[in-house]
Amino acid sequence: MKPRVVIIGGGAAGFFCAANIDERLYDVFILEQAHEVLQKVKISGGGRCNVTHACFDPGVLVSYYPRGEKELLSVFSRFQPRDTVAWFEARGVKLKTEKDGRMFPLSDTSATITELLKKICEEKKFFVNTLSVVYRIEKATKGYIVHCAQKSYPADFIVFTTGSVPKSFNILESLGHSIVPLVPSLFTFCCDHPLLQDLSGTVFAHAIVNLESYKAKEEGALLITHWGFSGPAILKMSAREARLLAEKNYVFSVRINFLGLPKSHALDLLTHYKNSNPKTRLGSAKVFSVTHRFWERVLSFLNIEAHKMLGNISSKEMSRIIEGLCSMEFCISGKSPFKEEFVTAGGVLLKEINFRNMSSRVLPRFYFAGEVLDIDALTGGFNFQACWSEAWLIAQDLNLMKTG
């Protein structure tokens, strides 16, 4: 009789682990509490599935993980995005790279990924049970007994890939693991400021967001939305400062540089444009790479007359314009989730994990992968990459253990 591996959680990490386990060596059971497996994979990337990111240097790759950077270096040294691409392509699924580095299946549909993973597990004759809510794990003489409402499953090995399900952490704590409290990690900022009215959809290619009180700064594209601010710069800030912002109850101030330029440089550009175009009306000036609508709104907010000739603009007015563009303060009054993406900081304490094979240092024959760990990443395929890499290591360890 083959040893049994019970994978708790039918998401990306759980299925990828199963897909890499040698079916000649193990019987595998995947237990999923929902009515459908791989749901997060299905909806990710707007239904296209952002499989990974075209970053092939492990040393650079780990910088996209606010929590887990140090631990993941060894993981990515063994299985990284290049290996993910090769793995899927070897099974008939080609990936494409977009301008921002995100990688999607060539088909542009997440079904390509979900169906492949389900097909592999089906061909291996692994058992997939949905609506299987695990409420307790009992230690047995040589393994564990996984208790669900309708049935219990003996397990020689357990792979725990439930994501950030609160009751899962209660189970793990009862088994002796330590849990870092969960807080949201990827969200946008709510802001009700008069400058932003009717500017929803306005994009700034390179902005700088400062959380000055805590010396935190992020750069990148910025988007004004109907509820406040979004875009890569905001999402990076929300991820890196997730715990701090939670402590502030998501009420804080940020200073935004919409131009992404030093104030002195911006002032030089405005001065040069003024001297070269003294008879141009201020409202018609095209000094900076911002929309005409935003430019007019800034002038109106600062009470500077848009019909004035540039030659008649005072130095004080020019300074106020630069302050408004490069150093305006906004009060943030809350957070909003980033579309259908929902990522948390927190989970199983990383010191309790052996990152050579993703095994527990607390429990024998017990593995972890995915968001159940206190690891999270910026948006762009990085969270999935951590799942693929961690799950692959677990499968390799199981396969080598049985054959070694």
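Please refer to the structure placed before this passage.
Please read all numbers here as calculations on a predicted model, not as lab measurements. (Residues numbered from 1 in each chain as written. Predicted model: local features only at pLDDT ≥ 70, side-chain atom pairs only at ≥ 80, totals over all residues. Heavy atoms only, no water.)

A. Quick peek at the overall build of the chain. Looking only at helices and strands, the chain has 13 helices and 22 strands in total. Considered along the principal axes of its C-alpha atoms, the chain spans approximately 90 × 40 × 35 Å. Sorting the 404 residues of the chain into buried and exposed places 54% on the buried side. Surface summary for the chain: the accessible area is close to 18,100 Å², and the carbon and sulfur share equals 52%. (Helix = DSSP H or I, 4+ residues; strand = E, 2+ residues; numbered from the N terminus. Buried < 20%, exposed > 50% of the residue type's maximum accessible area, 1.4 Å probe, protein only. Areas by Shrake-Rupley, 256 points an atom, 1.4 Å probe, with all protein chains shown as cover.)

B. Examining the sheet that holds strand β5 (residues 102-105) more closely. With respect to topology, three strands assemble into an open sheet ordered β3-β5-β4, the strand pairing being antiparallel. Edge positions in the sheet fall to β3 (52-53) and β4 (95-97), since each has one partner strand and no second. In this structure, β4 lies alongside β5, joined through three bridges in antiparallel fashion. Directly across from Thr 97, in β5, lies its bridge partner Met 103. (Pairing = 2+ DSSP bridges.)

C. Representation of the packing of aromatic side chains. Considering all chains together, one arrives at 27 aromatic pairs under this definition. A ring pair is formed by Phe 189 and Phe 252, whose centres lie 5.2 Å apart and whose planes are at 85 degrees; its orientation type is edge-to-face. Taken together, the residues span a long stretch of sequence, with Phe 189 in strand β12 (residues 187-190) and Phe 252 in strand β16 (residues 252-257) at a distance of 63 residues. Using a relative accessible area of 0% as the deciding quantity, one classes Phe 189 as buried. Note on Phe 366 and Phe 368: the rings are 5.3 Å apart at their centroids and 45 degrees apart in plane angle, and the pair reads as tilted. (Phe/Tyr/Trp six-rings, centres within 6.5 Å; stacked < 30°, edge-to-face > 60°.)

D. The arrangement of the packing of helix α10 (residues 263-276) against helix α12 (residues 315-326) in detail. For the pair α10 and α12, interaxial distance at closest approach is 10 Å and the crossing angle is 135 degrees. As summarised for this structure, α10 and α12 are arranged oblique, according to the angle between their axes. For the element pair α10 and α12, the recorded crossing hand is right-handed. Where α10 approaches α12, its residues Lys 263, Ala 266, Leu 267, Leu 270, Thr 271 and Lys 274 are matched on the opposing element by Met 318, Ile 321, Ile 322, Glu 323 and Cys 326. Taken together, the residues of the contact of α10 with α12 sort by class into seven nonpolar, one polar and three charged. (Axes fitted to C-alpha atoms, helices over the stretch in contact; angles between N-to-C directions. Parallel < 35°, antiparallel > 145°, perpendicular 65-115°, else oblique. Left-handed = near helix turned anticlockwise from the far one by under 90°. Contact = heavy atoms within 4.5 Å. Nonpolar A, V, L, I, M, F, W, Y, C, P; charged D, E, K, R; others polar.)

E. Spatial organisation of the pairing of β5. Pairing geometry for β3 and β5, over two bridges, is antiparallel. If you follow Thr 52 over to β5, its bridge partner there is Met 103. Hairpin connection from β4 to β5: four residues lie between these consecutive antiparallel strands, with Gly 101 at a positive phi of about 95 degrees.

F. Summary view of the nonpolar core. Ranked by internal contacts, the top residues of the largest apolar core, which has 84 residues, are Ile 21, Ile 137 and Phe 366. The dominant element in this core, judged by the number of residues it contributes, is helix α13 (residues 382-403), at eleven residues. Contacts of Ile 21, omitting those with residues within four sequence positions, involve Val 5, Ile 7, Tyr 26, Val 28, Lys 124, Phe 126, Ala 395, Leu 398 and Asn 399. (Core = buried A, V, L, I, M, F, W, Y, C linked by side-chain atoms within 4.5 Å.)

G. Structural context of the sheet that holds strand β14 (residues 216-224). If you walk across this open sheet you meet the seven strands as β17-β16-β13-β14-β15-β12-β18, and the pairing is antiparallel. Two strands close off the open sheet at either side, each with one partner strand: β17 (328-332) and β18 (334-337). Strand-to-strand twist of the sheet, defined as the mean angle between neighbouring strand axes without regard to direction, takes the value 40 degrees. By the bridge criterion, three bridges tie strand β13 (residues 203-211) to β16 in an arrangement that is antiparallel. Paired with Ile 208 across the two strands is Asn 257, which belongs to β16. Its contacts with the sheet place helix α8 (residues 232-240) against β12, β13, β14 and β15 (228-230), and it is angled at close to 140 degrees to β14.

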